[in-house]
Amino acid sequence: MLRSGREAFAAALLLALCATASADDVLFENVRIFDGKGDALSAPSNVLVQGNVIAEISTSSIEAEGAERIAGDGRTLMPGLIDAHWHAMLAASTPAEAMGDVSFASILAGDEATDTLMRGFTTVRDVGGPAFGLKRAIDRGIIPGPRIYPSGAMITVTSGHGDFRQLTDLPRRTGGLLTPMETIGAAMVVDSPDEVRLRVREQFMQGAVLIKLTAGGGVSSPFSPLDVTTFTEPELRAAVEIAENWGTYVAAHAFTPDAIRKAIAAGVKCIEHGFLMDEASARLIAEKDIWLSLQPLPELMRTGLREGSVERAKADEVWPGIGRTYELAKKYKIKTAWGTDVLFSRALAKQQGAILASLVRWYTPAEALVMATGTNAELLALSGQRNPYPGKLGVIEEGALADLLLVEGNPLENIGLVADPANSFKIIMKDGLIYKNTLPQ
C-alpha cells in the first residue's frame, strides 16, 4: 500500500531518530556562530556536543574521536528558537475540537508539536492549556516536540478573558460541576481569593512552572470587554502568594493601563501583551523591572475574525496599539520577550517563523533573533526551581544545553531564512539529538 506524504515523513523521522539517538558526541566543523547574545557571526569555528551539552567551542580543530562529524562548510550555527507565548494544545485545533474530544485534540496537538520542532522551535513557553500530558510524552521521547514550560489552565474570572463558557452554563454554583472548558484544563474560573489559591495549587500539582492569569479583557473571549479590569487586587495577590511559595512567578494577560498597574501592584512579574498601554504604564514596567511578553500579531489574525462580531470589533481596537507598544518598549528599554500567541489556526501556526521575522519593523535582525533565543531564555529561567530543564538555553556557549540549528545562509543578514525552515534549517538538534539532517550525504 502506498503511504501518504505525511506517513512517509513520519517513518523517515523515526528512522532518523533511531539512527542518531545512539551517537553521544557530535562535532560541528567550520561553522559561523550566532551565539544568541551578540550582533555578529563568529570566525569559522568548531563546536563539540557531548551528550546534551555544548562541551567545547574553538576556532582550532577539536579532537573528538568517535564523534559524528558534521561539515558546516561555513553555514550558520545558532541556538534553537524559543516562542515565549505559545498554546501547544490550542494552536492547531478549532475551538470545538479543543473543547470537545480530548483524545483527538491531544493527537492533533502532538502532531503540531512535531511540526513546531521542525520549524526550529526547540522550546515554547505554554501560557494556557492542558499541555502537561503532551510535555510528558515529548520528554519521554514518545513523540518529537519542543521543550514545554507549561502554565496549565488559564486562571480567569466569570466573564473574564479565557471564560469561553456559554450563557447556558450560568448561573455558576460554587462547588458545582465543572464545565468542559474546566474539565479538560483549558481555563479555570475563580471568583474569590480562596478559589484562586485552590486552582493555582492544582496547576502546580500537575506540573506548572508558572501561572498565567487574565487581569483584563481580551479579543477572543466574547463576554470579556477590553476596558474591564477583571481580577480584584486581593485575587491577584492570592495567585502571586502561591506562586512565590512555589519559587516561581505569575504572568498576567493585560492590555490596558489599569490592568497593568493593578497586576504589577499585586506582584506579577510579567505582563503579556500590553497592547493598550500608555506612557505612564510603560515607565512603570521599566521602573519595576517587569518583563513584557509582546507579540507582533499578524494582520491575518484580525481579518480572520468575522466582520461584525464582538471579537472583530475588539481586534480592530487592539491592532493599532501593537506598533505603539513596541515603540514604548524600545523607548523605555523594557525587558521584552517575543512570542506568537497563535490560537485555533494551523495555517497561522505554520507562520511561526514568519511572525518572528516580522519583528524587523522595529528591530534589526540580530536584535530580533537575540530576543527569540537568549532573551527569551532569561524569561524561562524566572521559573527558578520549577524549571523543568535545568541548564542554560538560548545561547551557544560551553556548558549550555545543545539545542542548535544549522542554517543555510546568514540570518543576521536575511532574517527571512527563519520563515522558510524546510529549506533553511539543514540540521535541527534538541537536547543533543539530531531530529532533522538534510545536508548532502
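Residues numbered from 1 in each chain as written. Predicted model: local features only at pLDDT ≥ 70, side-chain atom pairs only at ≥ 80, totals over all residues. Heavy atoms only, no water.

With that settled, the discussion passes to the packing of aromatic side chains. One pass over the structure, following the stated rule, counts six aromatic pairs. Site record: aromatic cluster; members linked through ring pairs are Tyr326, Trp362 and Tyr363. Its guanidinium or amino end placed over the ring of Tyr389, Arg147 lies 5.2 Å from that ring's centre, counting from NZ or CZ. We note Lys330 situated over the ring of Tyr363; from NZ or CZ to the ring centre the distance is 5.2 Å. (Phe/Tyr/Trp six-rings, centres within 6.5 Å; stacked < 30°, edge-to-face > 60°. Lys NZ or Arg CZ within 6 Å of the ring centre and 35° of its normal.)

When pLDDT is averaged along the protein, the result is 93, and 95% of the positions lie at 70 or above. Across residues 1–5, where pLDDT falls below 50, the model places two contacts with residues more than four positions away in sequence or in other chains. Of the regions scoring below 50 in pLDDT, residues 11–22 engages in 10 contacts with residues more than four places distant in sequence or in other chains. (pLDDT = per-residue confidence, 0-100. Contact = heavy atoms within 4.5 Å.)

Moving on: the environment of Lys262. Turning to its location among the elements, Lys262 is positioned in helix α8 (residues 257–265). On the basis of relative accessible area, Lys262 is assigned to the partly exposed category, the value being 32%. The spacing of Lys262 and Leu369 is 107 residues in sequence and 32 Å in space, taken between C-alpha atoms. In this view, Lys262 contacts Thr229 and Leu236; residues no more than four positions away in its chain are not counted. (Helix = DSSP H or I, 4+ residues; strand = E, 2+ residues; numbered from the N terminus. Buried < 20%, exposed > 50% of the residue type's maximum accessible area, 1.4 Å probe, protein only.)

In this section: the packing of α8 against helix α9 (residues 279–287). One way to put it is that α8 packs onto α9 with a least axis distance of 9 Å and a crossing angle of 20°. One element, α8, and the other, α9, form an angle in the roughly parallel class. Two packed elements cross with a definite hand, and for α8 against α9 that hand is left-handed. Contact residues: α8 offers Pro257, Ile260, Arg261 and Ile264, while α9 offers Ser281, Leu284 and Ile285. Class assignment for the residues of the contact of α8 with α9 results in five nonpolar, one polar and one charged. (Axes fitted to C-alpha atoms, helices over the stretch in contact; angles between N-to-C directions. Parallel < 35°, antiparallel > 145°, perpendicular 65-115°, else oblique. Left-handed = near helix turned anticlockwise from the far one by under 90°. Nonpolar A, V, L, I, M, F, W, Y, C, P; charged D, E, K, R; others polar.)

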